[in-house]
Protein chains: 2
Amino acid sequence: MNKEQFLRAFMTEVWNEQQFDKVAFYVHHAYTIHLDTADPWEGQTLSHEAFKERLRFSFNSFPDMHFDITSAIEEENHVAITWILTGTNSGKIGGFPPTNRAIKTTGLTIYHFTNQKISGHTQVFDRLKVAQQLGFLSN
Amino acid sequence: MNKEQFLRAFMTEVWNEQQFDKVAFYVHHAYTIHLDTADPWEGQTLSHEAFKERLRFSFNSFPDMHFDITSAIEEENHVAITWILTGTNSGKIGGFPPTNRAIKTTGLTIYHFTNQKISGHTQVFDRLKVAQQLGFLSN
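Quick caveat: nothing in here was measured; it's all calculated off a predicted structure.

Quick notes on the rules
Residues numbered from 1 in each chain as written. Chains lettered and ligands numbered in written order. Predicted model: local features only at pLDDT ≥ 70, side-chain atom pairs only at ≥ 80, totals over all residues. Helix = DSSP H or I, 4+ residues; strand = E, 2+ residues; numbered from the N terminus. Pairing = 2+ DSSP bridges. Core = buried A, V, L, I, M, F, W, Y, C linked by C-beta atoms within 7 Å. Buried ≥ 20, exposed ≤ 12 C-beta atoms within 10 Å, placed from the backbone. Contact = placed C-beta atoms within 7 Å. Nonpolar A, V, L, I, M, F, W, Y, C, P; charged D, E, K, R; others polar. Expected span 1.5 Å × (residues − 1). Arc of directions from axis to C-beta. Least-squares fit on C-alpha atoms with pLDDT ≥ 70 in both. Axes fitted to C-alpha atoms, helices over the stretch in contact; angles between N-to-C directions.

A.B. asks: So what exactly am I meant to see when it comes to the environment of W41 of chain B here?
C.D. replies: Structurally, the position occupied by W41 of chain B is in the loop between strand 1 (27-36) and strand 2 (45-46). Taking C-alpha positions, W41 of chain B is 9.4 Å from F51 of chain B, a pair spaced 10 residues apart along the chain.

Here's what the structure looks like:
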C-alpha cells in the first residue's frame, strides 16, 4: 500500500466511517496541526487520545460529515488531496446551537508522514461558503 | 482586488511573465518557504533579493516554465491553488546538464499572506513524474 492508498483508507475508515479504533493504525503518536485556521487544535501536537477528542468534536457538530477526495498527489513524505466535504450541522458548533443546515464545501489538505504513519496536516478550505450555508453570514 | 485575484496576478506577472520588478509589489519582505521538498530554500525566510535569486534559479533550469491554475480556494490569510506546470529543461538543474526534455506535472500550493502581501508558501507536487519525464528514473 503506497502513501496515497494509505491516506485514502484513513479518510474512509477514520473520517467517513468514524472507526475510532483505527486511529492507532493510521496516525503517528505525535500528530501536528501545522495550519488549519479556526481549528481549536491549530499549532498543537496531538496524542492519539487528543486526536480522537478532535474527531468527536467534529462528529458532534456534523454527525454525517463525509469527505470525497477529488484529486491526490504523492511525494516522498507527503500526500496532498483536494476534497469536497458534505454534512449536516445537527449538533452544536462551539457554543452555537445546531442550525440543521447542510453544508458542501471544497478544501485542500497536505498530509505529512513520519515512519509510514500520518503525522500531521496543513489545510485550507472554503470557510466563507460554510458560514454562508449555515446562515452566519449573508450570501 | 481580493487575495485570490492578487495571487493570480502574482502567478501571471512574476512566474509566467518573469517580471522581476513586480516582486516588491506582491511579495512580503520576509517570505518563508514552510514546505517545498527539494527546494534549495526550504525552511528559509527570503528577502526580496533572495526571492529573485530563487526565481532566477528556476528560470535558468526551465526558461519557458508556465503555471496554469486549475482551482483556487481563499481563506482569510491564505489562498490555496492547484496547478499544472509545463516547461522545457533547457538549462542546468543543480550540477546536471540540460536534458532538453519537456515536463508537465501537477501540484498544489498554499500561499500565506501577511499585511496584504504574499509571505510564504507550503507546497507539494508530483516530483516523481518530473524525474521520469526528465529520464532520471525509468517509467
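A.B. asks: Even after reading the chapter, I still don't get the sheet that holds strand 1 of chain B, so can you show me in this structure?
C.D. replies: Hydrogen bonds along the backbone pair up the strands of a sheet, which may run parallel or antiparallel. Residue and element names in this part refer to chain B. What the six strands build is an open sheet, ordered 2-1-6-5-4-3; its pairing is mixed. Looking at the sheet topology across the chains shown, the edges are occupied by strand 2 and strand 3 (66-74). Relative to strand 4 (residues 78-88), strand 3 runs antiparallel, the two being bridged by eight bridges. Counted as the bridge partner of F67 is L85 from strand 4.

A.B. asks: I keep staring at the nonpolar core and nothing clicks. Help me out?
C.D. replies: Within soluble globular proteins, side chains that are nonpolar tend to cluster in buried spots. Of all hydrophobic cores here, the largest spans 38 residues; its most connected members are L7 and A80 of chain A together with L7 and A80 of chain B. In this structure L7 of chain A touches V79, I81, Y111 and I118 of chain A, once residues within four positions along its chain are discounted.

A.B. asks: Looking at this model, I keep getting lost on the environment of V79 of chain A. Mind explaining?
C.D. replies: All names here are of chain A. Structurally, V79 is set in strand 4 (residues 78-88). A residue is classified by how many C-beta atoms lie within 10 Å of it, and V79, with 24 of them, is buried. Placed 75 residues apart in sequence, V79 and E4 show a C-alpha to C-alpha distance of 6.1 Å. The residues touching V79, leaving out its near neighbours within four places in the chain, are K3, E4, L7, A72, E74 and Y111.

A.B. asks: Can you help me understand the interface of chain B and chain A in this one?
C.D. replies: Much of the literature gives interface size as the accessible area that the parts lose upon coming together. Each partner contributes to the interface: chain B provides 17 residues, whereas chain A provides 17 residues. Going through the elements one at a time, strand 3, strand 4, strand 5 (102-114) and strand 6 (117-125) of chain B are the ones with two or more residues in the side of chain B that touches chain A. Here the element with the most residues in the side of chain B that touches chain A is strand 5 of chain B; it accounts for four residues. Looking at the side of chain B that touches chain A residue by residue, the classes come out as six nonpolar, seven polar and four charged.

A.B. asks: Help me understand helix 1 (residues 3-16) of chain A, please; the structure alone is not making it clear to me.
C.D. replies: The α-helix winds at 3.6 residues per turn, so residues separated by three or four positions along the chain end up facing the same way. Residue and element names in this part refer to chain A. The terminal C-alpha atoms of helix 1 lie 18 Å apart, and with 14 residues this matches the ideal 20 Å at 1.5 Å per residue to within 8%. For helix 1, the complete set of buried residues consists of L7, F10, M11 and V14. All buried residues of helix 1 project into a common sector of 105° when viewed along the axis, lining one side. In the segment just after helix 1, Q18 is the residue with positive phi, at about 55°.

A.B. asks: Explain unusual backbone geometry to me, please; I cannot follow it from the model alone.
C.D. replies: With the exception of glycine, most residues fall at negative phi, and the peptide bonds are largely trans. Residue and element names in this part refer to chain B. Even without being a glycine, Q18 presents a positive backbone phi close to 55°. Inspection of the secondary structure puts Q18 in the loop between helix 1 (3-16) and helix 2 (23-26). Notably, A38 is not glycine yet its phi reads approximately 75°, a positive angle. Take A38: it is sitting in the loop between strand 1 and strand 2. C-beta crowding within 10 Å serves as the criterion here: with 11 such atoms nearby, A38 is assigned to the exposed category.

A.B. asks: How should the relation of the copies chain B and chain A be read in this particular structure?
C.D. replies: For these two chain copies, the linking operation is a rotation about an axis paired with a shift along it. Each copy superposes on the other: chain B lies on chain A with an RMSD of 0.0 Å after a rotation of 180° and an axial shift of 0.0 Å. As the rotation angle and translation indicate, the two copies are arranged about a two-fold axis. Mapped onto chain A, 100% of the interface residues of chain B again fall at the interface, so both copies present the same surface.

A.B. asks: What should I look at first to understand the sheet that holds strand 1 (residues 27-36) of chain A in this one?
C.D. replies: Residue and element names in this part refer to chain A. If you trace the six strands from one edge of the open sheet to the other, you get 2-1-6-5-4-3, paired in mixed fashion. Among the strands making up the open sheet, the edge pair consists of strand 2 (45-46) and strand 3 (66-74). Note that strand 1 and strand 6 (residues 117-125) share five bridges and pair parallel. Within strand 6, the residue paired with D36 across the bridge is Q123. Against the sheet, helix 1 contacts strand 3, strand 4, strand 5 (102-114) and strand 6, and its axis sits at roughly 165° relative to strand 3. Running over the sheet, helix 3 (residues 48-61) touches strand 1 and strand 2 and is turned about 50° from strand 1.

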